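These are the residues of each chain, in order.
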Amino acid sequence: MRLEALIYFDILDKMPEKELQSILISAAKICQTPIAIITAVEGNVHHIKSQIGLSVYDIINDNPFFDKVFNSNTFTEIQNASLDASMANNPTVIGYPNFHYFAGVPIHSADGNTIGTLCVVDQNHKQLNEVQIELLDNLSKNITNLINLRKQNKNLQNELNQLLNERINQTEIDLEAYKFALDQSSGVAIADRDGFIKFVNDKFCKSSRYIKEELLGQSYNILNSKHHDKSFFQDMWEVISSGDIWHGEIMNKDKFGNYFWIDCNIIPFLDRKGKPYQYMAIQQDITEKKATEERNNLEARLISILSENEPIDSAIRHIAEQICFKLQWDIGLYWKTNSQENTLSPTLYYQFTYPHKESMRLEFLKTIFKKGEGLSGLVWERKKPIWIEDLPSEPPYLNQNIAIDNNLHSSLLFPISFNNEVLGVMQFFSSNIKKEDKRILNLFEFLSTQIGAFLERKIAEIELLQAKKDAEESLKSKDQFLANMSHEIRTPMNAIVGFTELLSQTKLDENQLEYANSVKVAGENLLSIINDILDFSKIESGAISIDQTPSDVSQVLKNVYDLLKVSARQKELEFSYEFDKNIPQTLICDDLRLNQILINLVGNAIKFTETGSVRFYAKLLSTEGNTHQIEFSVVDTGIGIQNDKKQKIFERFSQVNNDINRKYEGTGLGLSISKNLIELMGGNLEMNSEEGKGSEFSFTLNLETGFKEKADTRSFSDLKNHTDIQPKILIIEDNQLNQKLARNVLSNLGFNVDLAVNGQIGLEKLRQNSYDLVLMDLQMPELDGYETTRIIRNRMKLSIPIIAMTAHSMIGEKEKCLAAGMNDFISKPFNTHELFNKIVSLLSINIVDIESKNELDTMDHTHSNDVLPNMSYLHELSEGNQVFENELISLFRILVPKELIL
């Protein structure tokens, strides 16, 4: 038996390819599959003897399905391989070429041995009917018969030929039966080698909606929808012209312009030279299947658009594009509702495939409907999607004259809703008559709320951005107001306080002295209030920063003590401070802010203590590496704080009670400012207080060891002694006091000084003269310091050093000056040493170190308090120039009353 099987295998293996190809083509036609295979079995191995519809890369000899057919010894079918346990993980199923359907029958020898299989394969799921199964089995028997015929000797040749003819006749009969079955299930068309149609069946005509007479003799391009690009058809032609079967999905256009999808196999018929002389197309209408896929794809794409952070107009346009593309609509419109005016206005017109008509577009965009008017108004009123198959046949009240006049037929509309409120209506038009699709209507009824939620979110975002912009503008206005207030108030207030101090120390009668002291106290209080408000505004807006530099913390405590000891002594309080000697001399911290905090806390302690003592100290708690934990504490024996008031003590503008407000002057901002500054420095302000016994305020800071640079001991006289160094400086300043002050200071330092009273004049002087440096006021009439600097840098292209002078106390002012093109920044009233050092630094003037002590530091400014006022600051500025001092005092007497009136 084994030998007999080998003989049959050998016969099958040597059979001519054309004979097997004929059987395979018949099998593929009968079963409506693109692939048919004949295998021969040698031992336990299947060898693919012949096939159609596969490339060499697709052929897999060890497919387990062949074993199934071989072992079952009867017709075997797997309708969905992905659901079959034995096939689901096979590479040909889960990967390329994605086979999902298998059917096959065994090939027997004359004595009943199974020697191979005849199989058909498809990438789609299906099931053969009884006729197809029978025909497939007959083809298997034909193969058996062919093998038997070849086994016969020459003496039986005539009998073999007769038997073969009988079988061929039977095959023709079977093919006729197949043709009948094919006509019932598939569209069939035959075209010549140039693509002109020679034959179509009824099923083909039904799909295309043409009659046979309209198709015969026509080019196959009559069905071209232009959906596919040229390369698609070029690839198809290359396959079939080479004699291979092509399989794919095509979107065609029917007689009335509607699109339909087909799953198509194109089979070339070859002449004796192996060249195609005609082609047969066998196709299945898969329009419904594609429609389902497109709906699913559309839904996924629209949800994807809604999840992206696009502006509203852009998102609506992309939605219209996707609906037109996926569902084949020609034109898309978006109507936006106006609930207050009860109107619908078009905000989007999108054209997909319809020939462009500018007049139609303009007519649509200027049309406005009321609620309930026109199709879009009707959708607004009903809050439900509407599908109109043919607009000309609908009642005229729908008011779709523009669409009808431009040969548009079908229209689809759906509302965009959120919380049962219609935000807008999307409308689509087609030049073809499109039948209503309930599933699409249901899809848009679902998407209506999704798009509505997106619009509502975007509207909220726009409102939030506008609110943020308004808040930023408000903050900018607030900052500008504070800057102006700082400039306009602090400058005259500093002058008032300073010159009142000078005035009070001259020879005045009792009433005059009382008035002067009252002005001085009021000015100091007002300046303190202004400083508190400005500091608090900076903290509240987040504009304040901590400047960490190497600092002498012991000096900070000494400065606080020296500044406040007079106030303590006036109240006859015991006043002292202690500094832990174990604390390093230089630490990294913001000494100015630390000084401000301690002045606030110690000043409060003195203010609220009538008898007893006030003391403050810095104590080292621990050290780890270069980091030192230091506790700062202020202890007093003052009035203390009631328990129920302790939570409010750190609130802004808050004091314990109204009696305290009346008795102790102040803004109530000191503790709030101190608390915020301490937190910015990484600490926390704590309080321990008992009413009537006193209070303790303390905070702990972690400060790192620092190394202070050697101080610059160069004196002003050093510069004056170098006769070869006489830089020329231009002062651009509108305030007369500041003009006089700056000119005298710079002249005494040995500089050549020129003056401009505003930015415009300053620019003219810079054009006409050469200067080494500019001192620039920021707030001036005509042209402020910022714009003047920009013109110097950008138009005049000058790199001359510029130092800003301002009475502003806003955080970020220096950065703003540097951004405008200035080189440095100094606050008014300026410190002469600081101004000198900045000028020297910018001009790169090298002063020879002099061992002698700074002249200004050794100047004797002590006077008898009983006879003369303390004129030390004025003397320092004037360097003994009595004419300048008299002129400055005279200006003070003229200008200060004006400032007070303002």
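Residues numbered from 1 in each chain as written. Predicted model: local features only at pLDDT ≥ 70, side-chain atom pairs only at ≥ 80, totals over all residues. Heavy atoms only, no water.

1. A closer look at the sheet that holds strand S4 (residues 101–108)
- Across the sheet, which stays open at both edges, the 5 strands sit in the order S2-S1-S5-S4-S3 with antiparallel pairing between neighbours. Among the strands making up the open sheet, the edge pair consists of strand S2 (45–52) and strand S3 (76–78). The mean inter-strand angle of the sheet, taken between neighbouring strand axes irrespective of direction, is 20°.
- The pairing of strand S1 (residues 35–42) with S2 spans 7 bridges and is antiparallel. Across the sheet, residue Glu-42 finds its bridge partner in S2, namely Val-45. (Pairing = 2+ DSSP bridges. Helix = DSSP H or I, 4+ residues; strand = E, 2+ residues; numbered from the N terminus. Axes fitted to C-alpha atoms, helices over the stretch in contact; angles between N-to-C directions.)

2. Some details on the nonpolar core
- Counting residues in hydrophobic clusters, the biggest one holds 37 residues, and the most contacted among them are Phe-575, Leu-594, Val-602, Phe-632 and Phe-699.
- Secondary-structure elements contributing two or more residues to this core are helix H17 (553–570), strand S19 (586–589), helix H18 (591–607), strand S20 (613–624), strand S21 (627–636), helix H20 (670–680) and strand S23 (694–705).
- Not counting the four nearest positions on each side in its chain, Phe-632 is found in contact with Val-553, Leu-557, Leu-594, Tyr-617, Ala-618, Phe-697, Ser-698, Phe-699 and Leu-701.
- Ranked by size, the runner-up nonpolar core spans 31 residues in total, among them Leu-302, Ile-312, Trp-329 and Phe-454. (Core = buried A, V, L, I, M, F, W, Y, C linked by side-chain atoms within 4.5 Å. Buried < 20%, exposed > 50% of the residue type's maximum accessible area, 1.4 Å probe, protein only. Contact = heavy atoms within 4.5 Å.)

3. Re the environment of Lys-253
- Topologically, Lys-253 is positioned in strand S8 (residues 246–253).
- Overall, the relative accessible area of 29% leaves Lys-253 in the partly exposed class.
- Sequence separation of Lys-253 and Ser-208 is 45 residues, and the distance between their C-alpha atoms is 7.3 Å.
- The residues contacting Lys-253, other than those within four sequence positions of it, are Ile-222, Leu-223, Asn-224, Ser-225, Asn-258, Tyr-259 and Phe-260.

4. Digging into the side chain of Asn-258
- Among the secondary structure elements, Asn-258 is positioned in the loop between S8 and strand S9 (259–270).
- Apart from residues lying up to four places away in sequence, Asn-258 is in contact with Arg-209, Asn-252, Lys-253, Asn-432 and Ile-433.

5. Thoughts on the sheet that holds strand S27 (residues 802–806)
- The parallel open sheet is built from 5 strands, whose spatial order is S25-S24-S26-S27-S28. Of all the strands in the sheet, just strand S25 (752–756) and strand S28 (824–827) have a single pairing partner and so form its edges. Geometrically, the sheet is characterised by an average inter-axis angle of 20° between neighbouring strands, direction not taken into account.
- With 4 bridges joining them, strand S24 (residues 728–732) and strand S26 (residues 773–777) adopt parallel strand pairing. Considered in S26, the bridge of Leu-730 is made with Val-774.
- In the packing of helix H22 (residues 736–748) onto the sheet, the strands contacted are S24, S25 and S26, and the crossing angle to S25 comes to about 165°.
- The strands that helix H25 (residues 813–820) touches are S27 and S28; relative to S28, the one it contacts most, it runs at about 140°.

6. Considering the packing of helix H2 (residues 17–31) against helix H5 (residues 130–151)
- As a packed pair, H2 and H5 sit with axes 9 Å apart at the nearest point and diverge in direction by 170°. In terms of orientation, H2 lies roughly antiparallel with respect to H5. On H5, the residues touching Glu-19, Ile-23, Ser-26, Ala-27, Ile-30 and Cys-31 of H2 are Gln-132, Leu-135, Leu-136, Leu-139, Ile-143, Leu-146 and Arg-150.
- Looking at side-chain class alone, the contact of H2 with H5 contains 9 nonpolar, 2 polar and 2 charged residues. (Parallel < 35°, antiparallel > 145°, perpendicular 65-115°, else oblique. Nonpolar A, V, L, I, M, F, W, Y, C, P; charged D, E, K, R; others polar.)

7. With respect to unusual backbone geometry
- Following Tyr-96, the chain continues to Pro-97 via a peptide bond in cis, the omega torsion being 10°.
- By the secondary structure assignment, Pro-97 is in the loop between helix H4 (91–94) and S4.
- Positive phi, normally seen in glycine, also occurs at Lys-226, with a value near 65°.
- Structurally, Lys-226 is set in the loop between helix H8 (212–215) and helix H9 (230–241).
- Judged by its relative accessible area of 74%, Lys-226 is exposed.

8. Side note on the pattern of salt bridges
- On inspection of all chains with the given rule, the structure shows 19 salt bridges.
- For Lys-212, the salt bridge goes to Asp-202, with nearest N and O atoms at 3.4 Å. Linking Lys-212 in helix H8 with Asp-202 in helix H7 (residues 202–208), this pair joins segments that are 10 residues apart in sequence.
- The class of Lys-212 is partly exposed, set by a relative accessible area of 32%.
- One salt bridge in this structure joins Lys-255 and Glu-214, with 3.0 Å as the shortest N-O distance. Of this pair, Lys-255 sits in the loop between S8 and S9 while Glu-214 sits in helix H8, and the two are 41 residues apart along the sequence. (Salt bridge = Lys/Arg side-chain N within 4 Å of Asp/Glu carboxyl O.)

9. Some thoughts on the pairing of strand S12 (residues 343–351)
- Of all 9 residues in S12, 7 are buried, a share of seventy percent or more.
- Where strand S11 (residues 331–338) and S12 come together, 8 bridges link them in antiparallel fashion. Residue pairing for S12: Lys-336 is matched across the bridge by Ser-345.
- The hairpin turn running from S11 into S12, its antiparallel successor, is 4 residues long, and Asn-342 in that turn takes a positive phi close to 60°.

10. What about helix H3 (residues 64–72)?
- Listed in full, the buried residues belonging to H3 are Phe-65, Phe-66 and Val-69. The buried residues of H3 occupy an angular sector of 105° when the element is viewed end-on, so they sit on one face.
- Considering only its buried residues, H3 is in contact with S1, S2, S3, S4 and strand S5 (114–122). (Arc of directions from axis to C-beta.)

11. Focus on the packing of aromatic side chains
- A full pass over the atoms with the stated rule returns 18 aromatic pairs.
- Judged by centre distance (5.0 Å) and plane angle (40°), the rings of Phe-65 and Phe-102 are tilted. Of this pair, Phe-65 sits in helix H3 while Phe-102 sits in strand S4; the two residues are 37 residues apart in sequence, bridging distant segments of the chain.
- When its relative accessible area of 0% is taken as the criterion, Phe-65 is described as buried. (Phe/Tyr/Trp six-rings, centres within 6.5 Å; stacked < 30°, edge-to-face > 60°.)

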